[in-house]
Number of protein chains: 2
Amino acid sequence: MPYTYDYPRPALTVDCVVFGLDGQVLKLLLIQRQLEPFAHRWALPGGFVQMDESLDDAALRELAEETGVQRVYLEQLYTFGELDRDPRGRVVTVAYYALVNLFDHVVRAATDAENVGWFGLDDLPKLAFDHRKIIDVAIERLRGKLRYAPIGFELLPKKFTLTELQTLYEAVLDQELDKRNFRKKILSMELLIETDEVQKDVAHRAARLYRFDRQRYKQLEKQGFSFVL
Amino acid sequence: MPYTYDYPRPALTVDCVVFGLDGQVLKLLLIQRQLEPFAHRWALPGGFVQMDESLDDAALRELAEETGVQRVYLEQLYTFGELDRDPRGRVVTVAYYALVNLFDHVVRAATDAENVGWFGLDDLPKLAFDHRKIIDVAIERLRGKLRYAPIGFELLPKKFTLTELQTLYEAVLDQELDKRNFRKKILSMELLIETDEVQKDVAHRAARLYRFDRQRYKQLEKQGFSFVL
């Protein structure tokens with residue numbers, strides 16, 4: 001059943017850059033394509049936008065269909081529309097990104113994906129389309145935003161040690177941070193709640209667990225408070 | 001000459017939110033639509049993306065065609081794709097925003113625009129489509145970004161007084177700032193170059209003119225410096 005228009009139209013897709021933290025390594029969720037073009041090449045989960053769904057819904061649907069990952073908070077990243085980015089012709093893609101606690105999600109490949117997996121940023125396979133470029137834009141956005149918004153907590157379990165928090169910042173920013181300085185800065189914002197729990201099953205002395213005080217952050221934000229790390 | 005596809009495709013447009021500063025008032029560049037839908041209603045400059053141009057090029061072309069504004073730095077804002085945003089059917093729009101020195105640009109309406117004008121943010125007419133929503137997202141982005149990136153200087157002439165700079169911040173943030181505190185913060189970043197010129201043709205004592213040191217900012221940025229105001 002063909003569809004006919006008076007003027008030519010680009011095809012419209014969505015693609016998802018999903019970040020997860022695996023211990024000290026920042027990882028990305030990729031699928032292996034089943035179909036041409038770029039069959040068997042690794043790529044971002046994504047696909048064509050349907051006429052009866054919003055862009056956000058399309059991104060969530062494709063992510064769930066191809067990787068099994070559901071109930072994540074996706075944020076729109078950027079729309080890529082260079083003329084030569086897809087060998088099938090003019091395809092414009094709206095890219096999204098998400099931060100997840102990797103251990104909360106069991107991934108499984110389905111529909112157009114023959115495989116799915118987490119890859120370290122330093123260990124990415126050769127990618128389809130301009131997906132490497134989309135990933136680079138997502139990393140840049142993540143690095144920038146991590147410094148002025150408390151989004152990093154999305155990558156951690158609900159309760160975490162200060163060392164885990166620093167490790168997350170070091171993994172994303174790809175640089176070592178001074179421990180004393182980092183703790184001073186993060187604690188001075190008074191956005192962490194010290195729980196009465198400590199780590200379990202660790203060989204070294206068990207460290208205190210903290211959680212992020214989202215409610216207090218929202219209050220402070222209304223008062224013009226700036227999160228800066 | 002109709003165009004036929006196997007699957008339905010949304011139409012794709014671009015829209016431009018252009019901010020300019022008129023003394024103490026932040027203004028927006030709007031066009032009055034010549035054609036249906038929303039004929040004679042005010043709207044953002046924009047239109048359909050052609051198959052042989054990138055999204056950025058489409059935004060620059062539509063802006064120049066409809067308003068005469070050229071050689072501005074447009075940045076992609078967000079892509080809006082709600083199902084009911086256009087009465088013609090499914091139309092997805094990639095929105096851009098720009099900051100210009102309003103006095104550098106002579107505007108004139110052409111092609112699909114029967115009129116063009118600058119409107120104060122507090123004095124916007126009733127707008128076509130979801131353009132009011134797009135403008136709100138642009139204002140939010142501008143307010144956020146003004147605090148952690150030196151983008152405000154784009155709204156000023158090359159040489160400006162500290163009072164003009166503060167007025168810009170107050171106009172965009174829509175709040176009064178403490179003069180002494182503002183000057184201390186901005187001067188402490190050492191990003192302003194004091195020129196040996198003063199204001200001309202003013203009734204009161206002529207104030208010193210400054211310019212933004214873009215080169216120094218780029219160096220500092222590489223070293224991990226954060227602009228925060």
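Residues numbered from 1 in each chain as written. Chains lettered and ligands numbered in written order. Predicted model: local features only at pLDDT ≥ 70, side-chain atom pairs only at ≥ 80, totals over all residues. Heavy atoms only, no water.

## Remarks on the pairing of strand β2 (residues 11-22) of chain A
Residues and elements named next belong to chain A. In terms of residue burial, β2 counts as a mostly covered element, since eleven of its twelve residues are buried. With three bridges joining them, β2 and strand β5 (residues 46-48) adopt antiparallel strand pairing. Pairing of V14 across the sheet is with G47, part of β5. (Buried < 20%, exposed > 50% of the residue type's maximum accessible area, 1.4 Å probe, protein only. Helix = DSSP H or I, 4+ residues; strand = E, 2+ residues; numbered from the N terminus. Pairing = 2+ DSSP bridges.)

## Notes on a negative patch on the surface
Together, D56 and D57 of chain A together with E82 and D84 of chain B line one region of the surface with negative charge. Take D56 of chain A: it is sitting in helix α1 (residues 55-67). (Patch = residues over 30% accessible without salt bridge, like charges linked within 9 Å, V, L, I, M, F, W, Y side chains within 5 Å. Areas by Shrake-Rupley, 256 points an atom, 1.4 Å probe, with all protein chains shown as cover. Salt bridge = Lys/Arg side-chain N within 4 Å of Asp/Glu carboxyl O. Lys, Arg positive; Asp, Glu negative; His and termini not counted. Charge placed at Lys NZ, Arg CZ, Asp CG, Glu CD.)

## Digging into the relation of the copies chain A and chain B
Between the two copies of this chain, the relationship is a rotation about some axis together with a displacement along it. You can overlay chain A on chain B at an RMSD of 0.0 Å; the transform is a turn of 180° with a shift of 0.0 Å along its axis. Each copy turns onto its partner about a two-fold axis. Taking the C-alpha atom as reference, chain A places T4 of chain A closest to the rotation axis, 2.1 Å from it. Taken together, the interface assignments show that 100% of the residues at the interface of chain A recur at the interface of chain B, consistent with an identical surface on both copies. (Least-squares fit on C-alpha atoms with pLDDT ≥ 70 in both. Contact = heavy atoms within 4.5 Å.)

## So, the pattern of salt bridges
Enumeration over the complete set of coordinates arrives at 24 salt bridges over all chains. Between R214 of chain B and E154 of chain B there is a salt bridge, and its shortest N-O distance comes to 3.4 Å. Placement of the pair is R214 of chain B in helix α5 (residues 214-222) and E154 of chain B in the loop between α2 (131-148) and α3 (162-173), with a sequence separation of 60 residues. On the basis of relative accessible area, R214 of chain B is assigned to the partly exposed category, the value being 39%. Accessibility expressed as a relative area gives 34% for E154 of chain B, which makes it partly exposed. Here R216 of chain B and E190 of chain B are joined by a salt bridge, their closest N and O atoms 3.6 Å apart. With R216 of chain B in helix α5 and E190 of chain B in the loop between α4 (179-188) and β9 (192-198), this residue pair connects regions lying 26 residues apart in the sequence. Taking relative accessible area as the criterion, R216 of chain B reaches 28% and is therefore assigned partly exposed. The exposure class assigned to E190 of chain B is exposed, which follows from its relative accessible area of 51%. The structure contains a network of salt bridges with shared partners spanning E53, R61, E62 and E65 of chain A.

## A few points about the interface of chain A and chain B
Tallying the contact residues gives 31 residues for chain A and 31 residues for chain B. At the junction of chain A with chain B, the criterion picks out 16 residue pairs in polar contact (both at pLDDT 80 or more). Of all elements in the fold, only β1 (3-5), β2, α1, β6 (74-80) and β7 (91-100) of chain A reach the threshold of two or more residues within the side of chain A that touches chain B. Examining the composition of the side of chain A that touches chain B, we find that four residues originate from one element, β6 of chain A, more than from any other. Taken together, the residues of the side of chain A that touches chain B sort by class into 18 nonpolar, six polar and seven charged. The pairing of β1 of chain A with strand β1 (residues 3-5) of chain B spans three bridges and is classified as antiparallel. (Polar contact = N/O pair within 3.5 Å; in protein donor to acceptor, adjacent residues only side chain to side chain. Nonpolar A, V, L, I, M, F, W, Y, C, P; charged D, E, K, R; others polar.)

## Observations concerning the packing of aromatic side chains
Residues and elements named next belong to chain A. The final tally for this structure, using the stated rule, is 18 aromatic pairs over all chains. An aromatic cluster of three or more residues is present, and its members are F153, F160, F212, Y217 and F227. The residue whose ring lies beneath R9 is Y5, and the NZ or CZ to ring-centre distance is 3.8 Å. (Phe/Tyr/Trp six-rings, centres within 6.5 Å; stacked < 30°, edge-to-face > 60°. Lys NZ or Arg CZ within 6 Å of the ring centre and 35° of its normal.)

## Notes on the environment of V116 of chain B
Residues and elements named next belong to chain B. For V116, the location among the structural elements is in strand β8 (residues 113-120). Separated by 105 residues in sequence, V116 and A11 have C-alpha atoms that sit 25 Å apart. Among all residues touching V116, those that are not within four sequence positions of it are L29, L30, I31, W42, T67, V107, R108 and A109.

## Concerning the environment of D84 of chain B
Residues and elements named next belong to chain B. In this structure, D84 sits in the loop between β6 (74-80) and β7 (91-100). Judged by relative accessible area, which is 69%, D84 ranks as exposed. Along the primary structure D84 and F129 are separated by 45 residues, whereas in three dimensions their C-alpha atoms are 9.2 Å apart.

## Points about α1 of chain A
All names here are of chain A. Along its 13 residues, α1 runs 18 Å from first to last C-alpha, staying within 8% of the 18 Å computed at 1.5 Å per residue. For α1, the set of buried residues is L55, A58, A59, R61, E62, L63, A64, E66 and T67. Backbone geometry just after α1 places G68 at a positive phi near 80°. (Expected span 1.5 Å × (residues − 1).)

## Some words on the packing of helix α3 (residues 162-173) of chain A against helix α4 (residues 179-188) of chain A
Residue and element names in this part refer to chain A. Two numbers describe how α3 lies on α4: the axes approach to 11 Å, and their chain directions differ by 105°. In terms of axis orientation, α3 runs roughly perpendicular to α4. When α3 is examined against α4, the residues L162, T163, L165, Q166 and Y169 are found in contact with a partner set consisting of K179, F182, R183, I186 and L187. Of the residues assigned to the contact of α3 with α4, the class counts are six nonpolar, two polar and two charged. (Axes fitted to C-alpha atoms, helices over the stretch in contact; angles between N-to-C directions. Parallel < 35°, antiparallel > 145°, perpendicular 65-115°, else oblique.)

## A closer look at α2 of chain B
Residues and elements named next belong to chain B. With 18 residues, α2 extends 26 Å from end C-alpha to end C-alpha; this agrees with the ideal 26 Å at 1.5 Å per step. Three or more residues of α2 are buried, namely H131, I134, I135, A138, I139, L142, K145 and L146. Looking straight down α2, one finds that the buried residues subtend no more than 145° of arc, so they occupy a single side. Among the structural elements, β2 (11-22), β3 (25-33), β4 (42-43), β6, β7 and α3 are those in contact with the buried residues of α2. (Arc of directions from axis to C-beta.)

## Structural notes on the confidence of the model for chain A
Residue and element names in this part refer to chain A. Summing up the model confidence of chain A, the mean pLDDT is 93 and the portion of residues at 70 or higher is 100%. Here helix α5 (residues 214-222) stands out as the least confident element of chain A, with mean pLDDT 91; strand β4 (residues 42-43) is the most confident, with 98. What the predictor reports for the complex is a pTM of 0.94 with an ipTM of 0.92. (pLDDT = per-residue confidence, 0-100.)

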